[in-house]
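Here are the chains, one letter per residue:
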Amino acid sequence: MDELQPPYRGGPPWLSGARSRTAAGLPWVSTAVLLVFVLVGTGFAEEGQGRRPLDLAARLLLFVAVGVLLLRRRRPVVAVATTCAATLIYLAAGYPYGPVFVAVAVGCFSAIVTGHRKAAWWSLGGLWAGHILVSHWLYRWLPPDGDRGAPWTQQGFITAWVVAVVAAAELLRVRREQWAAARAEREAAERRRADEERLRMARELHDVLAHSISVINVQAGVGLALLDSDPEQARTALTTIKGASKEALDEVRQVLANLRTPGDAPTSPAPGLDRLPELVEQAAAAGLTVTVGSEGDPAAVPPGAALAAFRIVQEALTNVVRHSGSRTAEVHIGYGSGRLRLRIDDAGPATGGDAGGSGNGLVGMRERAAALGGTIEAGPRPDGGFRVLAELPFTGPHRDRRPPEPPEETT
């Protein structure tokens, strides 16, 4: 039994099988138009053929040959087989040639494009072979009386018609498969882009919130410890908390702004290496002294590489604040030919504290580096500290544009 074919969603809508039909899903309108065309057209075509005139039986056979095409989308095998069989009986009965062959072509097309190729070939081949028997050998015993064998030139024309119908149907089938594959590929690409965008936003939010909340956590502890003994220092801690929380909110809004209507421009530029002094100040507010140095001539770092570098340094300093007993850290930036090298060191030792971290920081840094074709190495140093090494390749779009130089030996 043929299974119900799902609606096709590739290619032009007029070939897609979309349900622009009645609620029952049957092509009533097109089948009715085809039935009128066949009945009326056959009436005109019978003139001068010298075959049996159209009678009730002939019209019933034409009605069956066309009417069964109502099922050509639900039961394409039944439709094409019944149409070919009714047409063969119609011709064997000596009725005139006419547009009934259009119904055969429609049934054949429907069967082939829905994947029932063998059924279409067998039905059409059976009609072709049956017509040869009827018109060249069995005509003596079939109506009308005194009929003569058809010329072989007529059979050549019918053979060419059969080949043309099959070839056109196969071409349409291949095109529909290509449209379906292209549509599936587009949908898969859209899903991949959506997944990549969600991952990017997750990394951004993690980096922003982990750094800011770590500063807030440290300062909240200081404020609670000094609330009674040193209210002024506690006030300073609360001021730092307010500033860190405001900056975190601003960056979160910037990240979430990407969910606006596509094509809208960002409300503010993405953070880059020019914001390293802010990281140094935030780290200092959390009790961490950061030294930043650079080597080589600054290159035209594109926004993507600059953002990745900023987030890697930010995450590395956040990990020092949360997981290291050291109160000092060193950041070194090396500008090379098409490459940006980062080194972040702290003296350790590791405290083992989690401070609410999710453990995704190093994973996020590696993902950012991998997205640019770069590498990340993170692990303990032989002297007991911890080191993060990052190498980010890039191609400077504008070599004459130089990014702001990072501060030299800023404490």
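### Focus on the overall build of the protein
Counting secondary structure elements, the protein contains ten helices and five strands. Counted over contacts in the protein with a minimum sequence separation of 6, partners at least 24 positions apart contribute 74%. Total accessible area on the protein stands at roughly 22300 Å², and carbon and sulfur atoms take up 61% of it.

### Some thoughts on the nonpolar core
One finds Leu317, Leu340 and Leu342 to be the most contacted residues of the largest nonpolar core, which totals 37 residues. When contributions to this core are tallied by element, the ones reaching two or more residues are α8 (276–285), β1 (289–295), α9 (303–323), β2 (328–335), β3 (339–346), α10 (361–371) and β5 (386–393). Element by element, the count of residues in this core is highest for α9, at eleven residues. Not counting residues within four places of it along the chain, the set of residues in contact with Leu342 comprises Ala309, Ile312, Val313, His332, Ile333, Val388, Leu389, Ala390 and Leu392. Counting 20 residues, the second-largest nonpolar core is a separate cluster that includes Leu35, Leu61, Ala86 and Leu91.

### A few points about the packing of aromatic side chains
Following the criterion strictly, the structure yields two aromatic pairs and no others. Between Tyr90 and Tyr95 the ring centres are 5.4 Å apart and the planes differ by 25°, which places this aromatic pair in the stacked class. Taking the centre distance of 6.3 Å and the plane angle of 15° together, the rings of Tyr97 and Phe101 count as stacked. Comparing Tyr97 with Phe101 shows no difference in burial state: the two are buried.

### A few points about the environment of Ala119
Turning to its location among the elements, Ala119 is positioned in helix α5 (residues 117–136). In this structure the C-alpha to C-alpha distance between Ala119 and Cys108, which are eleven residues apart in sequence, comes to 8.8 Å. Contacts of Ala119, omitting those with residues within four sequence positions, involve Val77 and Val80.

### Examining the packing of helix α3 (residues 76–92) against helix α4 (residues 100–113)
Interhelical geometry of α3 versus α4 gives an angle of 160° and a closest axis separation of 8 Å. Overall, the two elements α3 and α4 adopt an arrangement that is roughly antiparallel. Pair α3 / α4 crosses with left-handed handedness. Where α3 approaches α4, its residues Pro76, Val80, Thr83, Cys84, Thr87, Tyr90 and Leu91 are matched on the opposing element by Val100, Phe101, Ala103, Val104, Gly107, Cys108, Ser110 and Ala111. Classifying every residue of the contact of α3 with α4 by side-chain character gives eleven nonpolar, four polar and no charged.

### Quick word on the sheet that holds β1
Spatial ordering of the open sheet is given by β1-β2-β3-β5-β4, a layout of five strands whose pairing is mixed. Sheet topology places β1 and β4 (375–380) at the edges, where each strand pairs with a single neighbour. Sheet twist, expressed as the mean angle between neighbouring strand axes with direction ignored, is 10°. As defined by bridge partners, β1 adjoins β2 across seven bridges and the pair is classed as parallel. Paired with Gly293 across the strands is His332, a residue of β2. Contacting β4 and β5, α10 crosses the sheet at an angle of about 155° to β4.

### Observations regarding the side chain of Glu170
Within the fold, Glu170 resides in helix α6 (residues 152–226). Once residues lying within four places of it in the same chain are set aside, the contact partners of Glu170 are Ile112, Arg117 and Trp121.

### Side note on the pairing of β2
Taken together, the seven bridges between β2 and β3 define a ladder with antiparallel strand orientation. Its bridge partner being in β3, Val331 is matched across the sheet by Ile344. The hairpin turn running from β2 into β3, its antiparallel successor, is three residues long, and Gly338 in that turn takes a positive phi close to 75°.

### Describing α10
Restricting attention to buried positions, one finds in α10 the residues Gly361, Gly364, Met365, Arg368 and Ala369. Buried residues of α10, viewed axially, fall in a sector of 135°; they line one side. The outward face of α10, more than 90 degrees from its buried face, is lined by the exposed residues Ala370 and Ala371. One or two residues past the end of α10 sits Gly373, with phi positive at roughly 80°.

### Remarks on the packing of helix α1 (residues 28–45) against α4
Contact geometry of α1 with α4 gives a least axis separation of 8 Å together with a crossing angle of 150°. Here α1 is positioned roughly antiparallel relative to α4, judged by the angle of their axes. Of the residues in α4, those in contact with Leu34, Phe37 and Val38 of α1 are Val100, Val102, Ala103 and Val106. Per-class residue counts for the contact of α1 with α4 are seven nonpolar, no polar and no charged.

### Topic: the pairing of β5
By the bridge criterion, eight bridges tie β3 to β5 in an arrangement that is antiparallel. If you follow Asp346 over to β5, its bridge partner there is Phe386. Where β4 folds back on β5, the antiparallel hairpin that results is connected by five residues, among which Gly384 adopts a positive phi of roughly 105°.

Cut-offs applied
Every residue gets a number counted from 1 within its own chain, in the order that chain's sequence is written. Whole-chain, interface and lining totals are the exception, using all residues; otherwise, since this is a predicted model, local features are given only for residues with pLDDT of at least 70 and side-chain atom pairs are given and counted only at 80 or more. Side-chain numbers here rest on the full set of heavy atoms in the structure, without hydrogens or water. Strands are runs of DSSP state E lasting at least 2 residues, helices are runs of H or I lasting at least 4, and numbering of each runs from the N terminus. Two residues form a contact once any of their heavy atoms are found within 4.5 Å. The method behind every accessible area is Shrake-Rupley, applied with a 1.4 Å probe, and residues are considered shielded solely by the protein chains displayed. Put simply, buried Ala, Val, Leu, Ile, Met, Phe, Trp, Tyr and Cys residues joined by side-chain atoms within 4.5 Å make one nonpolar core. Accessible area is worked out with a 1.4 Å probe on protein chains only. A residue is then buried under 20% of its type maximum, exposed over 50%, and partly exposed in between. Classification of ring pairs uses Phe, Tyr and Trp, with its six-membered ring standing for Trp, and accepts pairs whose centres are within 6.5 Å; under 30 degrees between planes counts as stacked, over 60 as edge-to-face, and the remaining range as tilted. To obtain an axis, a line is fitted to C-alpha atoms, over the contacting stretch when the element is a helix, and the angle between two such axes runs from 0 to 180 degrees between their N-to-C directions. Note on angle classes: values under 35 degrees are labelled roughly parallel, values over 145 roughly antiparallel, values of 65 to 115 roughly perpendicular, and the remainder oblique. Working rule for handedness: look at the near helix, and if it is turned counterclockwise from the far one by less than a right angle, call the crossing left-handed; if clockwise, right-handed. Asp, Glu, Lys and Arg are counted as charged, while Ala, Val, Leu, Ile, Met, Phe, Trp, Tyr, Cys and Pro are counted as nonpolar; the rest, among them Gly, fall into the polar class. For two strands to be treated as a pair, DSSP must find no fewer than two bridges joining them. The directions from the helix axis to the C-beta atoms form the arc being described.

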